[in-house]
Structure formats: C-alpha cells, structure tokens
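Structural overview for review
Chain by chain, the residues run as shown.
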Amino acid sequence: MATAQMEIATPIYASILCCECGVPMQAPNAINTCATCLASSADITKGISTEATLHQCRGCQRWHKDAGKWVSCGLESRELMALCLDHVSGLKRKNQDVRLVDAAWIWTEPHSMRLKVRLTVQRQVQGTILQQSFVVVYIVRNQQCIECQSAFRQGSWKSLVQVRQRVSHKRTFLYLEQLILKNEAHRGCLNVETFRDGMDFYFPDKGKAARFISWLESVCPVKIKTSKKLISTDDKSNTANYKFTTYVEICPLCKDDLVYLPVKLARTLGNIARLVLVKNISNLIHLIDPLTGQVASMSSEQFWREPLVPIITAARSRMTRYVVLGKEAIMIRENASKRKASRKQRSRLASLALAREEDLGVNDKQYNNAHSHVGYLCKSGDVCLGYDLTETRFVDEAVESLQSDGVLPDVIVVRKLYGAAAAGEANPSKQRAWKLQRLAVEQADEGNGGKKRSKVPTDDMDEEDFMQEIEADKEMRLNVNLYKSDKKAIVEDNDENEDEDDEDDQQIKLEELLDALALDKGPDLEDKEMATADDAGMTFMEGEMAAKAGIAYIPREDARTLRDRDVATVAAELKDDISL
C-alpha cells in the first residue's frame, strides 16, 4: 500500500531592498530594515537605568535591602549581585519583554565607593532577536542600620544577659570569649561589659537575647533566672514597654579542678573513683580519674541538684612545678569500677618519677610511682604542673581523713608545659608563635566612683594560665581560632624531635594556625583603618570571590577600555533569564 506524501507549501516572500543599506531581504518586516541596520539603530536598553544608589552600614558592613531590612553580603558575591539587580529600575517591567541573560562584576578603584556591573539583555524587535551589553554604576552611600543606631543611644537596650561565675579567676570567661568569637554568638549585641566575676551582654530585643541564652546552654552548664521591669504603659492601646534581665550562672567547676565526689554520685557515674579531675567543660562536665584514666560525664541537672565544691581549685598558687626524671608505662586490666580498661586508657597511663623544680640542687627529694593520665606525653626533662597533696590542708573532713591514713597519692599531675612556659621565662606570651582574637568589651564600673575598672596583675596571670591550657589540650583548641603571630619561632622544632616526641599529640602544630588577621592594633580597628583593611583585602582578592560564586569578572586591564554601552547585535536564539 503506497504511502501518500503530502507536501507543505512554504510561503514565498517578495525580495525587497533594505531602506537604509539596500541589501535584499527575503523576509521583510514592518519597517523594511534588515537585521544589521535594525541592530545598529535600535537601543533595547531604553528605559533601563544605568545608575543606582546602594546604602551600606559603616558599623556592621551590612547592605540595605528594602523596608528596613539589612543583609550581610560579601564583595563579588551572588547575594550582592542579586541586591544590585533589584536596584536597577526598568529591568523587570511587566509590559517590557527584556530578558537579562548575563551579569558580570567590573573592577573598580578600592576607594571610589563605586560598584560596577556589566549587564547583557535580549529583546525581540520586529521579529529579530537583539542582544546588547551596558554598564550599570552603583554609588555606595553610608547609612546606619537600626541596630547600630541603637548602639549609639543611651538606654536603647531591651534585654540584658548577665553571665556570672563565682570563682576567683577569669579563665572560664576567656574561653567563653573565644567560643563567642568562633561561633559569632554575639551578633546583634549592642554592647559588652566585663566585671570581676562575669560579663554583661546588651541586646535590642528579647528574641536575640533568647538566642544567645540558648547558645550558652549548649556550651556550658548554666542556671537561669529571668526578671522584667516596667518602663512605660499605654492604657488606651493596652500596650506596655518592658526591659528584661536574665541572670545566667555558670557552674563553679573549671578545667583541672580537683573534686571529691559523694559516694552516691560516683556510683551513678559508672562507679568511678571519688577523687577525680575536671577534664573539660561543655554542656556536660567531663571528669577523669588521674590514676586510672577512667572518664565520666555529669549532666547539668545532676550538678545543680547537688552542687559540688572543688577541694582544690586550678589556681596558679595551688599548683607546683615538677620536673620529670623518668617514666615507666603501666598496664591496668580494670578500673576502680571493676570494669575492663579500654585500650586508650592502657596506652596512656604511665608511672612518673618527679622532683619539685624548686628542690633541684637543694635536696634529693623525689616522688616515685606517680601515676598520671598524661604520663604518655612526658619524657625525662619535661616540666609539668601538679597538685602536691602532701602539704595541702583540706576543708573536707573525709578528704582530710584519707590524707592522714595515707590513701591519697602524693602528687596528681595536671598537665605538661610547653615552650617558654616550661623554660620558666618571665613573659612566655611574647615567645609564642600564635595569638588569640579578643572581643571588643568595656570595663564596667564596680563602685569606684564612676571610674572604669583597671586591669590588675591577676588578669595577666589568668591569661597566661589560659594560654597554657590551650597549649596542652588539643580538644580544647578545636573550639578556638588560633592565628599566626609575627614571631619567627614557630613550632618548627617538632620535625627535629619527631622521633623523640612521637607520642605527644597535644602540642600545637603549624597547620592549626590561621592567618589573614591583623591583631597588633587592638581588638577592633577604627572605621578608617577598617575601610583601609577591607580595601586592601579586596585588591588582594580581586576576582577570586566572583570565581567561587560562579560570576564572571572583568579585571582591571579590561575595565579601563570597556565601553559604557555596546552596539546591539543579532542573537541566534532567545535565552532564559539568569537566576541568582
């Protein structure tokens, strides 16, 4: 059966000449102009603005979006490109069939307060698809956001968070400060004040304060009390203005404190020994038996149900410097709880032979068979800190009776010292190859007749003790950002002693340090210095952020010869709008 083939007749247009160039056209349009002449005479960017204004807050570096909203956008980022496109009038008209097919950043002078974007649009004119590129210039103006305006007004805070800890040192708040900086938990805070026993955080609304309190509960055991004060009220509209105050008390136990647990609590915690050290503090209190290496964790509810008081606090005055004369690995088969010891416990326990540093050259008194959970880190000649229980007088009668019966060990080693601290230099902080960023705080008045609290020598001692804790605890450094300093004496001798220090996994390595942060001029730069630093960083990172965001970038050499508006060209097909 033969298949019938149907032929579709194609329309045949009369060939006419272009009214401008005289070129024959097979498919004439309404204005009798060829595609080339149409592209050279048409301007498809008509009605689209080539200048716009962006407002940036100088204080927090955020950009104004709309309706009082401020967003954080990095330079050359997709978020900033989307914000720039929203400020171009005439680009998204409903009655205008203009399609945005490409957008690229253009290099600008760092101090010009200008942003330039090269846009490429398409539009169909008389059946011909035309494409044209042009440059849009954005003028950056400074304008304070609502939060920064509130920071400059007196009494503008709505919620106050008072964080306190009843101890004699500030090491806990130094660690809390580093946690805040790493997690940016202080975002939205108007002001931070420091006291002898705590810190105050001022927030513009209750929601931001509640978010900060929730974060505090996730990093340390706390007890919270909330109160509010009536400021004003409107009986007609039935509204009231309150100021909220939240008191947050951190548990008084700190890292390296020596604790004697009650019998019932020790059984609850896996039948651990009653004499334990506080290993570290998170949302749980982590304890470790210094003689066997057994670990346990106590929840915040367990602590506040029956608060514990350490028998020895981890203060510099309570610790003694010891020199390691020798060590011998020990192997235990079971813990105090009669459970089988883990492989990690068995490999890290060691019996140390110690001598007090002050006794060297004076007498031959030694402390042999001092079991320690950090014994695997030590070798002959190392210096460590510990508690001398032979000359300590305890308040707890149960502990005092154990001491008189000779049950307590003579020495409990707390941690090993590194670098200049082990050498006993006067100012070890100047010899360290790393630094810490500090939070911008104000010293609060504490009944000094309106005078700010000055820095006391104990603050420097607490900072040095905190530095030593960071040097000796790798897990603690995971929550802290360490930055390279300008010291040349970086930890390079690790390679020389690699075979000798093979088991020491707590020492700071070079790869743990971060760079690209200037810490020599105080915690925060002034506005002028900040702008200079940002500009220098933008010049150094030219085009790199745009490449990461997948946006085209026109470098400096090409930007100088770039035209503000190109001539329209004929496109082969109509593309879809770009999406950011």
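Structure report, in brief. (Residues numbered from 1 in each chain as written. Predicted model: local features only at pLDDT ≥ 70, side-chain atom pairs only at ≥ 80, totals over all residues. Heavy atoms only, no water.)

**Overview of the overall build of the protein chain**
Which entries qualify depends on this criterion: In this description a helix means any DSSP run of H or I spanning at least four residues, a strand means any run of E spanning at least two, and both kinds are numbered starting from the N terminus. Relative accessible area decides the class of each residue, using a 1.4 Å probe on protein chains only: under 20% of the type maximum gives buried, over 50% gives exposed, and in between gives partly exposed. Contacts are assigned to residue pairs with any non-hydrogen atoms lying within 4.5 Å of each other. Calculation of accessible area relied on Shrake-Rupley with a 1.4 Å probe; when residues are assessed, cover is drawn exclusively from the protein chains displayed.
Helix and strand counts for the protein chain stand at 16 helices and 27 strands. Within the span of the protein chain, comprising 580 residues, buried residues form 45% of the whole. The contacts of the protein chain with a sequence gap of at least 6 include a subset with a gap of at least 24, amounting to 67%. As displayed, the protein chain has an accessible area near 32600 Å², and 49% of this comes from carbon and sulfur atoms.

**A few points about the sheet that holds strand 14 (residues 258-260)**
Put simply, the test is: Strands are treated as partners if at least two bridges between them are detected by DSSP. For helices, the axis comes from a line fit to the C-alpha atoms of the stretch in contact; other axes are also lines fit to C-alpha atoms, and the angle between any two N-to-C directions lies between 0 and 180 degrees.
Pairing within the open sheet is antiparallel, and its 4 strands lie in the order 14-15-16-17. One side of each edge strand has no neighbouring strand; the edge strands of this open sheet are strand 14 and strand 17 (295-298). Neighbour to neighbour, the strand axes of the sheet diverge by 40° on average, direction disregarded. Where strand 15 (residues 275-281) meets strand 16 (residues 285-288), 4 bridges bridge the pair, whose relative direction is antiparallel. Bridged to L277 within strand 16 is I288.

**Focus on empty space enclosed by the protein**
To keep things clear, this is the line we draw: The rule is simple: put a 1 Å grid over the protein atoms alone, call a set of points where a 1.4 Å probe fits but cannot get out a cavity, call an open set with protein on both sides within 12 Å along at least five of seven lines a pocket, and count a residue as lining if it has an atom within 4 Å of a point. Grid points are joined across faces, edges and corners, and a volume is the space filled by probe spheres set on the points. Residues were grouped as follows: Ala, Val, Leu, Ile, Met, Phe, Trp, Tyr, Cys and Pro as nonpolar; Asp, Glu, Lys and Arg as charged; and all remaining residues, including Gly, as polar.
Applying the stated criterion to the full structure yields 2 cavities of 30 Å³ or more. Estimated volume of the second largest cavity: approximately 50 Å³. If you trace the second largest cavity, you find it lined by Q178, L181, K182, Q437, N481 and Y483. Looking at the lining of the second largest cavity element by element, the count peaks at 3 residues for helix 4 (residues 171-183). Partitioned by chemical class, the residues of the lining of the second largest cavity number 2 nonpolar, 3 polar and 1 charged.

**What to know about the packing of helix 4 against helix 5 (residues 206-219)**
The criterion, for reference: Any angle from 65 to 115 degrees is called roughly perpendicular, while one under 35 is roughly parallel, one over 145 is roughly antiparallel, and all others are oblique. Here a crossing is called left-handed whenever its near helix is offset anticlockwise from the far helix by less than a right angle, and right-handed whenever the offset is clockwise.
Interhelical geometry of helix 4 versus helix 5 gives an angle of 120° and a closest axis separation of 12 Å. With respect to helix 5, the axis of helix 4 lies oblique. The crossing of helix 4 and helix 5 is right-handed. Packed against helix 4, whose contacting residues are L176, L179, I180 and N183, the element helix 5 presents F212, W215, L216 and V219 at the interface. Of the residues belonging to the contact of helix 4 with helix 5, the class tally is 7 nonpolar, 1 polar and no charged.

**Focus on the pattern of salt bridges**
Rules: Throughout this description, the term salt bridge denotes a Lys or Arg side-chain nitrogen within 4 Å of a carboxyl oxygen of Asp or Glu.
A full pass over the atoms with the stated rule returns 22 salt bridges. Measuring nitrogen to oxygen at the nearest pair gives 3.8 Å for the salt bridge that ties R164 to D197. In this pair, R164 sits in strand 9 (residues 159-164) while D197 sits in the loop between strand 10 (191-195) and strand 11 (198-203), placing the two residues 33 residues apart along the sequence. On the accessibility criterion, R164 (10% relative accessible area) is buried. Close ionic contact of R187 with E184 constitutes a salt bridge, the shortest N to O distance being 2.6 Å. In the salt-bridge network here, residues are joined through shared partners; they are R356, E358, D359, D388 and E391.

**Remarks on the side chain of R477**
Within the element layout of this structure, R477 appears in helix 12 (residues 474-477). Look at R477 and you get buried, because its relative accessible area is 5%. Setting aside residues no more than four positions away along its own chain, R477 makes contact with I470, E471, A472, L482, Q506, Q507, I508 and E512.

**So, the nonpolar core**
Formally: Side-chain atoms within 4.5 Å link the members of a nonpolar core, which is a set of buried Ala, Val, Leu, Ile, Met, Phe, Trp, Tyr and Cys residues.
Core analysis: the largest hydrophobic core is formed by 36 residues, its most contacted members being V161, V163, L176, F201, F212 and W215. When contributions to this core are tallied by element, the ones reaching two or more residues are strand 9, helix 4, strand 11, helix 5, strand 13 (239-250), strand 23 (434-436) and helix 11 (457-472). In terms of residue count, helix 4 provides more of this core than any other element does, 7 residues in total. Apart from the residues within four sequence positions on either side, F201 is in contact with S159, L160, V161, V163, I180, C189, N191, V192 and F212. Residues C84, V117, L119 and L130 belong to the second largest nonpolar core, which totals 32 residues.

**Regarding the environment of L216**
Locating L216 in the fold gives a position in helix 5. For the pair formed by L216 and I250, sequence separation is 34 residues and the distance between their alpha carbons is 9.3 Å. Apart from the residues lying within four places of it in its own chain, the contact partners of L216 are V163, L176, V222 and V248.

**A short note on the environment of A370**
Mapped onto the elements, A370 comes out in strand 20 (residues 367-372). Accessibility expressed as a relative area gives 6% for A370, which makes it buried. Spatially, the C-alpha atom of A370 lies 8.0 Å from that of V413, the residues being 43 residues apart in sequence. If we skip the residues at most four places from it in the chain, A370 touches A350, S351, L352 and L354.

**A short note on the packing of aromatic side chains**
Filter applied, for reference: The rule is short: rings of Phe, Tyr and Trp, with Trp giving its six-membered ring, pair when the centres are within 6.5 Å, and they are stacked under 30 degrees, edge-to-face over 60, tilted in between. Working rule: Lys NZ or Arg CZ, within 6 Å of ring centre, within 35 degrees of ring normal, means a charge sits over the ring.
Throughout the structure, instances matching the rule amount to 8 aromatic pairs. Judged by centre distance (5.1 Å) and plane angle (80°), the rings of F303 and W304 are edge-to-face. For the pair shown, F303 and W304 are each scored as buried. A cation over an aromatic ring shows up here: K243 above the ring of W157, its NZ or CZ 4.4 Å from the ring centre.

**Focus: unusual backbone geometry**
For M113, which is not a glycine, the phi torsion comes out positive at approximately 55°. By secondary structure assignment, the location of M113 is in the loop between strand 6 (99-106) and strand 7 (114-125).

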